[in-house]
Amino acid sequence: MALAFYFILSLIIPGFSKVKTNPVSYIRPFSFTTQDGKAFTDKDVAGKVFVVEYFFTSCKGICPRMNNNMKLVYDQFKNENDFLILSHTCDPETDSVPRMKKYSDSLGVDTKHWIFLTGRKDSLYNMARVSYTIDDPKNNLKSLDEDFLHTQFWALVDKNGDVMNVYDGLKQSEVNDLIKKAKKLLKEKQATNTEN
């Protein structure tokens, strides 16, 4: 009897039988500067699915490997208008707008889909730790001048601005999982657009 009731509810209430994943966090308002020197805010990602990373252009350690893996994500979604990649610098004193532009050009990517961001250090770090949750806020035990964020973790954000998952950008299996989850989120977005 209970199964029949559940089945009927799943037929008459859209989304009743779908398992919902609680978000890890949500995006707070932000304003940064792109590789082209243009303002980029939370309004520019509204209604889009996007992945977030932090890197710095002079990094010789994990950043080149991470961005090679991010290129795999880019290749999967480069023609998808509702998907973005946001690469924030963790070294804004070095990574000026011209330096970010040179770096993005060296990757040969369309910066309408893969956006490189710089800004104030405190704002960048706060977004990583509080909004995207890809670095522990307890890591900021020193002064801002001495603080340095260096993380291999990426955040996947849905169309509502909710951080749905955090992935290790150095692990191929997790990059593959991110691609699958992003495709699912994009399908959900398209289904929602079709219903409206």
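Everything here concerns the structure above.
Throughout this description, residue numbers start from 1 for each chain and increase along the sequence as written. Local features are withheld for residues below a pLDDT of 70 in this predicted model, meaning they are given only at 70 or higher, and side-chain atom pairs are given and counted only at 80 or more; totals for whole chains, interfaces and linings count all residues. Only hydrogens and water are set aside when side-chain values are computed; all heavy atoms of the structure are taken into account.

Student: Tell me about the nonpolar core, and please be specific about residues and values.
Tutor: Think of a nonpolar core as a cluster: buried Ala, Val, Leu, Ile, Met, Phe, Trp, Tyr and Cys residues, connected wherever their side-chain atoms sit within 4.5 Å. Accessibility here uses a 1.4 Å probe with only protein chains present; expressed as a share of the type maximum, an area under 20% marks a residue as buried, one over 50% as exposed, and anything in between as partly exposed. Phe50, Val51, Tyr54, Val73, Phe83, Leu86 and Tyr132 are the most contacted members of the largest nonpolar core, which has 52 residues in total. A total of 7 residues in this core trace back to one element, the largest contributor, which is helix 2 (residues 62-77). In contact with Val51, other than residues within four places in its own chain, are Met70, Val73, Phe83, Leu84, Ile85, Leu86, Trp154, Ala155, Leu156 and Leu178. Numbering of helices and strands runs from the N terminus; a helix is a DSSP stretch of H or I covering at least four residues, while a strand is a stretch of E covering at least two. For this analysis, residues touch if any pair of their heavy atoms sits within 4.5 Å.

Student: Report on the pairing of strand 2 (residues 31-34), specifying residues and quantitative values.
Tutor: Taken together, the 3 bridges between strand 2 and strand 3 (residues 39-41) define a ladder with antiparallel strand orientation. Across the sheet, Ser31 pairs through a bridge with Thr41, a residue of strand 3. In this sheet, strand 6 (residues 114-118) lies alongside strand 2 in antiparallel orientation, the contact comprising 2 bridges. Looking at the pairing, Thr33 lines up with Thr118 of strand 6. For two strands to be treated as a pair, DSSP must find no fewer than two bridges joining them.

Student: Go over a nonpolar patch on the surface with me, naming the residues and quoting the values.
Tutor: Residues enter patches when they are more than 30% accessible in relative terms and free of salt bridges; like-charged ones are connected within 9 Å and nonpolar ones (Val, Leu, Ile, Met, Phe, Trp, Tyr) within 5 Å. Residue exposure ignores everything except the shown protein chains as possible cover, and the areas themselves are Shrake-Rupley values with a 1.4 Å probe. Salt bridges are defined as contacts in which a side-chain nitrogen from Lys or Arg sits within 4 Å of a carboxyl oxygen from Asp or Glu. Where nonpolar side chains cluster on the molecular surface, the patch consists of Val24, Phe153 and Val166 and spans about 210 Å² of accessible area. Looking at the secondary structure, you find Val166 in strand 8 (residues 162-168).

Student: Let's hear about the environment of Leu72: which residues, and what values?
Tutor: Along the chain, the position of Leu72 falls in helix 2. What makes Leu72 partly exposed here is its relative accessible area of 37%. As a C-alpha pair, Leu72 and Val175 span 103 residues in sequence and 8.3 Å in three-dimensional space. Discounting chain neighbours no more than four positions away, the residues touching Leu72 are Gln172 and Ile179.

Student: Give me the pattern of salt bridges: which residues, what numbers.
Tutor: One pass over the structure, following the stated rule, counts 4 salt bridges. Where Asp95 meets Arg99, a salt bridge forms, and the shortest distance between an N and an O atom there is 3.8 Å. Residue Arg99 is classed as partly exposed on the basis of its relative accessible area, which comes to 35%. Lys101 is the salt-bridge partner of Asp105, the closest N and O atoms lying 3.4 Å from each other. In this pair, Asp105 and Lys101 are both assigned in helix 3 (residues 97-107), 4 residues apart and thus about one turn of the helix distant. Overlapping salt bridges, with partners in common, bring together Asp36, Lys101 and Asp105 in one network.

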